[in-house]
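So the chains spell out like this:
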Amino acid sequence: MQPYRRFHPQYRERLALADGTWAELRMVRPEDAALLRDGFERLSPRSRFQRFLSAKPRLSAEELRYLTSVDGEQHVAIGAVTWSPAGRERGLGVARFFRLAHAPEVAEVAITVADDAQGKGLGRLLMDRLVESARERGVERFEFRVLAGNLPMYKLVQTLAPCEPEQDDDALCFHVPLSAPTRSGYELMRSLLALAAQGALMLIGPTCRWRMMARASSPGAYEEEARSP
Ligand SMILES: CC(C)(COP(=O)(O)OP(=O)(O)OC[C@H]1O[C@@H](n2cnc3c(N)ncnc32)[C@H](O)[C@@H]1OP(=O)(O)O)[C@@H](O)C(=O)NCCC(=O)NCCS
């Protein structure tokens, strides 16, 4: 039986960005090609350069197909959308990983947030969800190629695991192990209860010992207790 996965094709999550904008996160699907092209066309040349590590005036039809034909296993992409006043979806960002063909436990990562949505916490949200979806699929390491000076991306990578990058052509290459997931709320609650119980024992223990010592120092105390009904 397949283990439960949070990031399945129907995954949807609504949340508010730092400025109050509502966004929905969901898995990218083939019908998103037009949304992705529109998002790419709104990207500044600087953001395009940081994402593709070269000047990128347009996305070809083949690239669009590749970026939206995700299989949810080797290639996973989580998109963020918001809505125009007319109710039309507008792309805000996308985070994806591709497993390496020769080392499927390793995946290369790319994240892009539309310029007007940057600095509002969306990059971090997408990164968190991408890491969780990768762990669900047994990915052990993420690789990032980041241009020197890309401070927001550098910060996102460093909060996963502090690491020293390698110089790789014009970019810095970070190899980030995906550590064990943080403990679930249930496990955390159990640990807290165990700690609370330990604390209670530490309080009760000395009290019992003190009562026993008091009894021992009062001759006949046990006999009296034995006689009482
Ligand atoms: C990198 C990128 C995805 C970050 O997305 P974002 O939504 O702006 O990121 P967040 O708002 O979640 O911020 C992430 C961190 O960067 C910091 N940050 C954001 N904008 C910043 C800026 N202009 N200067 C310095 N730090 C900045 C935030 O404070 C946060 O750090 P903190 O949590 O320690 O405070 C986005 O800037 C982007 O799409 N850039 C162009 C494409 C790109 O570079 N992709 C990466 C290639 S793999």
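One structure accompanies this document, and this report is about it. Computed from a predicted structure; not experimentally measured.

## Focus: the pairing of strand 5 (residues 103–113)
Move 1: Counting buried positions over the eleven residues of strand 5 gives eight, a clear majority of the element.
Move 2: As paired elements, strand 4 (residues 89–100) and strand 5 share eight bridges and run antiparallel to each other. Counterpart to A95 in the pairing with strand 5 is I111.
Move 3: Between strand 4 and strand 5, which pair antiparallel one after the other, the connecting turn spans two residues.

## Quick notes on helix 2 (residues 45–52)
Move 1: If you check which residues of helix 2 are buried, you get S47, R48 and R51. Seen along its axis, helix 2 keeps its buried residues to an arc of 100°; they face one direction. Set apart from the buried face of helix 2 by more than 90 degrees, the exposed residues are P45 and R46.
Move 2: Tucked inside the fold, the buried residues of helix 2 contact helix 1 (33–42), helix 3 (61–68), strand 4 and strand 5.

## A short note on empty space enclosed by the protein
Move 1: Here the structure, examined in full by the defined rule, presents one cavity of 30 Å³ or more.
Move 2: Residue lining of the largest cavity: 24 residues in total, with L36, G39, F40, G93 and V94 positioned closest to the centre.
Move 3: Those elements that provide at least two residues to the lining of the largest cavity are helix 1, helix 2, helix 3, strand 3 (75–83), strand 4 and strand 5.
Move 4: The greatest single-element share of the lining of the largest cavity, amounting to five residues, is contributed by strand 4.

## What to know about the pattern of salt bridges
Move 1: All chains considered together, the criterion is met by 18 salt bridges.
Move 2: Between E24 and R12 there is a salt bridge whose closest N-O contact spans 2.5 Å. In this pair, E24 is assigned in strand 2 (residues 22–27) and R12 in strand 1 (residues 12–16), connecting sequence segments twelve residues apart.
Move 3: Relative accessible area serves as the criterion here: at 46%, R12 is assigned to the partly exposed category.

## Brief notes about the site of the ligand
Move 1: Near the ligand lie 19 residues; those nearest to it are I111, V113, G119, R124 and N150.
Move 2: In this structure, G123 approaches the ligand through a main-chain N or O atom, which is 2.8 Å from an oxygen atom.
Move 3: Separating an oxygen atom of the ligand from a side-chain N or O atom of N150 is a distance of 2.7 Å.
Move 4: Protein contacts shield 75% of the accessible area of the ligand, which totals 930 Å² for the unbound molecule.

Cut-offs applied
- Residues numbered from 1 in each chain as written.
- Predicted model: local features only at pLDDT ≥ 70, side-chain atom pairs only at ≥ 80, totals over all residues.
- Heavy atoms only, no water.
- Buried < 20%, exposed > 50% of the residue type's maximum accessible area, 1.4 Å probe, protein only.
- Helix = DSSP H or I, 4+ residues; strand = E, 2+ residues; numbered from the N terminus.
- Pairing = 2+ DSSP bridges.
- Arc of directions from axis to C-beta.
- Contact = heavy atoms within 4.5 Å.
- 1 Å grid on protein atoms, 1.4 Å probe; cavity = no way out; pocket = protein on both sides within 12 Å on 5 of 7 lines; lining within 4 Å.
- Points joined across faces, edges and corners; volume = space filled by probe spheres on them.
- Salt bridge = Lys/Arg side-chain N within 4 Å of Asp/Glu carboxyl O.
- Near = heavy atom within 4 Å.
- Polar contact = N/O pair within 3.5 Å; in protein donor to acceptor, adjacent residues only side chain to side chain.
- Areas by Shrake-Rupley, 256 points an atom, 1.4 Å probe, with all protein chains shown as cover.

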